[in-house]
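# Results of the structural survey
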Amino acid sequence: MQADKPDISQDRSIQRTFWRYAIPSIAAMLVNGLYQIIDGMFIGHYLGYEGLAGINVAWPIIYVIAGVGLMIGMGAGSLNSVSRGKSMARNRGSTETCTSHAEIATTLYTALGLAIGFGVIFSYLLFVNGTALLLAQGAEDQALLLAQDYISPFVWTAVITILASALPILVRNDESPNIATTLMVIGACTNIVLDYLFIVQFDMGLKGAALATVSAQLSVCLGGIAYFLSGRSQLRLSAYGPDFNSRLSGRILLLGSSSFVMYIYTSFVFALHNRLFMEYGSSITVAAFAIVGYLMVLYYFIAEGIGEGMQPPVSFFLGAAQPHNIKKMVLLAATVSLTIGLSWAAVLNLFPEYMIGLFNSDDTALIQETVTGIHLHLFAMFLDGLIVLATMYFMAVNQGGKSLAISLGNMLIQLPFLYMLPKWLGVYGVWVAMPLSNVVMFCIVAPMVWYHMNAATHKQVPSLATA
């Protein structure tokens, strides 16, 4: 390991270790969220509610593609972190790691191969079924045309979207969280500049917004690849020949599958809400849901950043057989996530018109509908963040099955709420379905995590070799 890079094994403070990983991860996720939020600001002000409705029905489709990148990045990154922890446990007192660079290179090459393969698959699926997926959400008239404009550039660039999600995570797990954050900042700044040029100056509408996003993602991809080819990486990837390991690819996908399901969950929930809001409301309701979604996703990305920042140390402590440190790390992450969630919910409910004004300040009907959405849809938002942490916890301790079950359960539990409540309460039932399901899901998930952590303090949790 390079001497200038910090090592978890050398840091005796749980809080310092947590924040060293959490801050760059939170920053990276917030920057990643800016891709969507800044698009929404430009679109809301220059294209109005129809533009917001259009991007909101296109967004769930693109989000699934980005989720594949997160799955690959989290799976490959977790494998490397656990291996480093196990290596430290075998070599206490040594300043060198015994982790095989050849194994790390194989993991990285396998992850890159998966990204390219899935990129080709999703490009084909978008080309064949893109419009059908928009129609399934109830898109019609101008909103449908605008949504088609938005997804059209992604038909040919799905692999860029996947790599842009995976590479920063792989860089972060290479003990370079600050470089990973820098890559995301570069991408966000590129997106802001190009949004202004394409949407405002060149009047390219939603297609311009999509081109700005793809261009920003490309800058992240180029930076990530350059990092692994440089001396800043723990290994120079070019020194090892391409080596795709099919068995390893299965482990990467399994371990990262819960992250992908979280993205599927978010996309599915948004798509189903879009459909129901079109049925029980109108395009204005969908546009209001878009603004509420932008405000909600800001916290969701913070919670996900906390979870991703928690993952490398927890995986390391797993490999190093230190379950007491795992418990301390998880409780600290949960406290931070809960505090931020409650604070953000308070701000949104106390100053809704000010926050809505970031996206649209002229349409009275849109503002009124969005205020209603904030009050009804976001009152249990902080619980969603704790559910995300539970998913990340089980992933980090190599319990991929439980992590996947939570992600699937969080999606499926909403179905009865979304089926019954709109029939009773109309559009208000659509607004309150998700927060009520979050309350129920939290009551199931919290005891699972608490029991597992307490059991692990009395016996060693399953290692990677025995899982």
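In this text, all values refer to a predicted model and were calculated from it rather than measured experimentally. (Residues numbered from 1 in each chain as written. Predicted model: local features only at pLDDT ≥ 70, side-chain atom pairs only at ≥ 80, totals over all residues. Heavy atoms only, no water.)

Counting 154 residues, the largest nonpolar core has Leu134, Tyr150, Met310 and Tyr393 as the members making the most contacts within it. In terms of residue count, helix 9 (residues 283-319) provides more of this core than any other element does, 22 residues in total. (Core = buried A, V, L, I, M, F, W, Y, C linked by side-chain atoms within 4.5 Å. Buried < 20%, exposed > 50% of the residue type's maximum accessible area, 1.4 Å probe, protein only. Helix = DSSP H or I, 4+ residues; strand = E, 2+ residues; numbered from the N terminus.)

Another aspect to go through is the packing of helix 3 (residues 101-136) against helix 4 (residues 141-151). Look at helix 3 against helix 4: their axes get within 10 Å of each other, and the N-to-C directions meet at 140°. Between helix 3 and helix 4, the interaxial angle falls into the category oblique. In this structure, helix 3 crosses over helix 4, and the sense of that crossing is right-handed. For the pair helix 3 and helix 4, the contacting residues are Gly130, Thr131, Leu134 and Leu135 in the first and Leu144, Ala147, Gln148 and Ile151 in the second. (Axes fitted to C-alpha atoms, helices over the stretch in contact; angles between N-to-C directions. Parallel < 35°, antiparallel > 145°, perpendicular 65-115°, else oblique. Left-handed = near helix turned anticlockwise from the far one by under 90°. Contact = heavy atoms within 4.5 Å.)

Note that Ser249 resides in helix 8 (residues 246-280). Accessibility expressed as a relative area gives 9% for Ser249, which makes it buried. Polar contacts involving the side chain of Ser249 include one to the main-chain carbonyl oxygen of Ser246, which spans 2.4 Å. Apart from residues lying up to four places away in sequence, Ser249 is in contact with Thr110, Leu114 and Phe244. (Polar contact = N/O pair within 3.5 Å; in protein donor to acceptor, adjacent residues only side chain to side chain.)

All right, on to a nonpolar patch on the surface then. A cluster of nonpolar side chains, contributed by Ile121, Tyr124, Leu125, Phe127, Val128 and Trp156, occupies part of the molecular surface with about 710 Å² of accessible area. In this structure, Tyr124 sits in helix 3. Looking at Tyr124, the relative accessible area reads 55%, which means it is exposed. (Patch = residues over 30% accessible without salt bridge, like charges linked within 9 Å, V, L, I, M, F, W, Y side chains within 5 Å. Areas by Shrake-Rupley, 256 points an atom, 1.4 Å probe, with all protein chains shown as cover. Salt bridge = Lys/Arg side-chain N within 4 Å of Asp/Glu carboxyl O.)

Turning our attention to the packing of helix 3 against helix 5 (residues 158-172). Here helix 3 crosses helix 5 at 155°, and the two axes come no closer than 7 Å. Classified by the angle their axes make, helix 3 and helix 5 are roughly antiparallel. Here the hand of the crossing between helix 3 and helix 5 comes out right-handed. Counting all contacts with helix 3, which are made through Leu108, Ala111, Leu112, Ala115, Ile116, Phe118, Gly119, Phe122 and Ser123, the residues of helix 5 involved are Ala158, Val159, Ile162, Leu163, Leu167 and Leu170.

Take the packing of aromatic side chains next. Taken as a whole, this structure holds 16 aromatic pairs when the rule is applied. Summarising the aromatic geometry, the rings of Phe316 and Phe317 are spaced 6.0 Å apart at their centres and angled 75° between planes, so their arrangement reads as edge-to-face. Overall, the relative accessible area of 4% leaves Phe317 in the buried class. One aromatic cluster is present, formed by Trp59, Tyr63, Tyr263, Phe270, Phe277, Phe289 and Trp431 through successive ring pairs. Lying across the ring of Trp450, Lys327 places its NZ or CZ 4.9 Å from the centre. The ring of Tyr419 carries Lys423 above its face, with NZ or CZ at 4.8 Å from the centroid. (Phe/Tyr/Trp six-rings, centres within 6.5 Å; stacked < 30°, edge-to-face > 60°. Lys NZ or Arg CZ within 6 Å of the ring centre and 35° of its normal.)

The share of residues in the protein with pLDDT of 70 or more is 90%, and the mean pLDDT across the chain is 85. Of all the helices and strands in the protein, helix 1 (residues 14-46) carries the lowest mean pLDDT, 82, while helix 12 (residues 364-377) carries the highest, 95. When the criterion is pLDDT under 50, residues 1-6 qualifies, and its contacts beyond four places in sequence or with other chains add up to 19 contacts. Low pLDDT (under 50) marks residues 461-467, which in the prediction has 14 contacts with non-local residues, meaning those over four places away or in another chain. (pLDDT = per-residue confidence, 0-100.)

Structurally, the position occupied by Pro153 is in the loop between helix 4 and helix 5. Given the relative accessible area of 10%, Pro153 is considered buried. In sequence terms Pro153 and Ala209 are 56 residues apart; their C-alpha atoms lie 9.9 Å from each other.

Inspection of the secondary structure puts Gly54 in helix 2 (residues 48-90). Accessibility expressed as a relative area gives 0% for Gly54, which makes it buried. Each C-alpha atom of the pair Gly54 and Gln148 lies 8.2 Å from the other, and the pair is 94 residues apart in sequence.

Phi is positive for Asp141, which is not a glycine, with a value near 55°. Locating Asp141 in the fold gives a position in helix 4. Residue classification places Asp141 among the exposed residues on the basis of a relative accessible area of 62%. The phi dihedral of Asp203 falls on the positive side, at around 55°, and the residue is not glycine. Along the chain, the position of Asp203 falls in the loop between helix 6 (177-201) and helix 7 (205-229).

Moving on, we come to the pattern of salt bridges. Throughout the structure, instances matching the rule amount to 1 salt bridge. Glu308 is the partner of Arg172 in a salt bridge, and the nearest nitrogen-oxygen pair spans 3.2 Å. Of this pair, Arg172 sits in helix 5 while Glu308 sits in helix 9, and the two are 136 residues apart along the sequence. The buried category is assigned to Arg172, whose relative accessible area is 4%. Classification of Glu308 by relative accessible area gives buried; the value is 4%.

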